[in-house]
Amino acid sequence: MTTDWVEVASEAELREIVGEPAPHTAHKTRTSLHALDREWLAHSPLCLVATSAPDGTCDVSPKGDPAGFAKVLDDRTLVLPDRPGNKRVDGFRNVLANPHVGLVFLLPGRGDTLRVNGRARLLRDAPFFDEMTVRNHRPKLALLVEIEEVFHHCSKAFLRSRTWEPESWRPDALPGRARLAKALDRPEDSLVFLEEYYGPRYAERLYG
C-alpha cells in the first residue's frame, strides 16, 4: 500500500520542494511582547496550547474564557488560568515533564493569529489568581509561560478553510456531542441522559 509514497527525508530535500522563506518571514520572531501583542491578548478569548511529553507524544488543548483571559505579567511572561474540565490534564502532565509549550491566540473573525513559544510552569497559587476570577471561580491552577518567541502568523489557513464564513458552516454534518459520546466515550450511559447532560444547561456548569 505504501510503495508509491515518496517520503521527504531531510531538511535539504524539504527546502528543495518549498524554497526559502522571505527575509521578513525568516526573521520575524521576537523574544518579548510588543504593545500590539498586548492589545491582541487583551481581545483574544481563545488559545490553543501545544505540549509534548518526553517520549515525543503530543497534546493540543483549547483554552477559552472572556477576552483578555491571558494575563500579561511583563513583556516576557504571561499566565493562563485553568478552568474546570475533564480532569485528564494531559497538557499539564506534559509540562511537568517537559516545559516547552506552543500557544496560538485567536480572535474570532480574524484569520491572522498570535503565536507564542516558551517554557511553562504550573502554579497552584499566586497573588494574581484573584484577578483571574470569573463567575466567582478562582482558578486552582494556572500555566505561567516565559516567552522565548512571539510572532504573528498570516491568515492563509483560515481563508482556505473558510473558518469564519457562516455560509460554509455545517455543524449538523455529524452527530451531536451526545451521540458521539454514546458511541465513543460513554457507552454505558443512556442517550437520554447524555442529551440532557450536553443540552442547554451544559453552559451553566462551565465554572462549576
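Our subject is the structure listed above.
Presented here is an overview of the structure given in this document. What you see is a predicted model; the values in this text were computed from it and never measured.

Here we take up the layout of surface pockets. Taken as a whole, the largest pocket spans an internal volume of roughly 1,300 Å³. Considering the residues around the largest pocket, the lining is formed by 37 residues, among which Arg83, Pro84, Gly85, Asn86 and Lys87 are closest to the centre. Elements supplying a minimum of two residues to the lining of the largest pocket: strand 1 (46-52), strand 2 (58-64), helix 4 (90-97) and helix 6 (177-185). Sort the elements by how many residues they give to the lining of the largest pocket and strand 2 lands first, with six residues. Residues belonging to the lining of the largest pocket are distributed by class as follows: 16 nonpolar, eight polar and 13 charged.

Attention shifts here to the sheet that holds strand 4 (residues 77-81). Two modes of strand pairing occur in sheets, parallel and antiparallel, and in both the strands are linked by backbone hydrogen bonds. Taken together, the seven strands give an open sheet; going across it, the order is 2-1-5-6-7-4-3, and neighbouring strands pair in antiparallel fashion. Either end of the sheet is taken by a strand with one partner, and the two such strands are strand 2 and strand 3 (71-74). Neighbour to neighbour, the strand axes of the sheet diverge by 30 degrees on average, direction disregarded. With six bridges connecting them, strand 5 (residues 100-106) and strand 6 (residues 113-123) associate as antiparallel partners. Looking at the pairing, leucine 103 lines up with valine 116 of strand 6. Packed onto the sheet, helix 3 (residues 35-43) meets strand 3, strand 4, strand 5, strand 6 and strand 7 (142-153) and runs at close to 75 degrees relative to strand 6.

Within strand 4, five of the five residues are buried, leaving the element largely enclosed by the surrounding structure. In this sheet, strand 4 lies alongside strand 3 in antiparallel orientation, the contact comprising three bridges. Opposite aspartate 74, over in strand 4, you have threonine 77 as the bridge partner. Linking two consecutive strands that pair antiparallel, namely strand 3 and strand 4, is a turn of two residues.

Reading the values: rules and limits
- Residues numbered from 1 in each chain as written.
- Predicted model: local features only at pLDDT ≥ 70, side-chain atom pairs only at ≥ 80, totals over all residues.
- Heavy atoms only, no water.
- 1 Å grid on protein atoms, 1.4 Å probe; cavity = no way out; pocket = protein on both sides within 12 Å on 5 of 7 lines; lining within 4 Å.
- Points joined across faces, edges and corners; volume = space filled by probe spheres on them.
- Helix = DSSP H or I, 4+ residues; strand = E, 2+ residues; numbered from the N terminus.
- Nonpolar A, V, L, I, M, F, W, Y, C, P; charged D, E, K, R; others polar.
- Pairing = 2+ DSSP bridges.
- Axes fitted to C-alpha atoms, helices over the stretch in contact; angles between N-to-C directions.
- Contact = heavy atoms within 4.5 Å.
- Buried < 20%, exposed > 50% of the residue type's maximum accessible area, 1.4 Å probe, protein only.

Worth remembering: the numbers are spatial, not functional.
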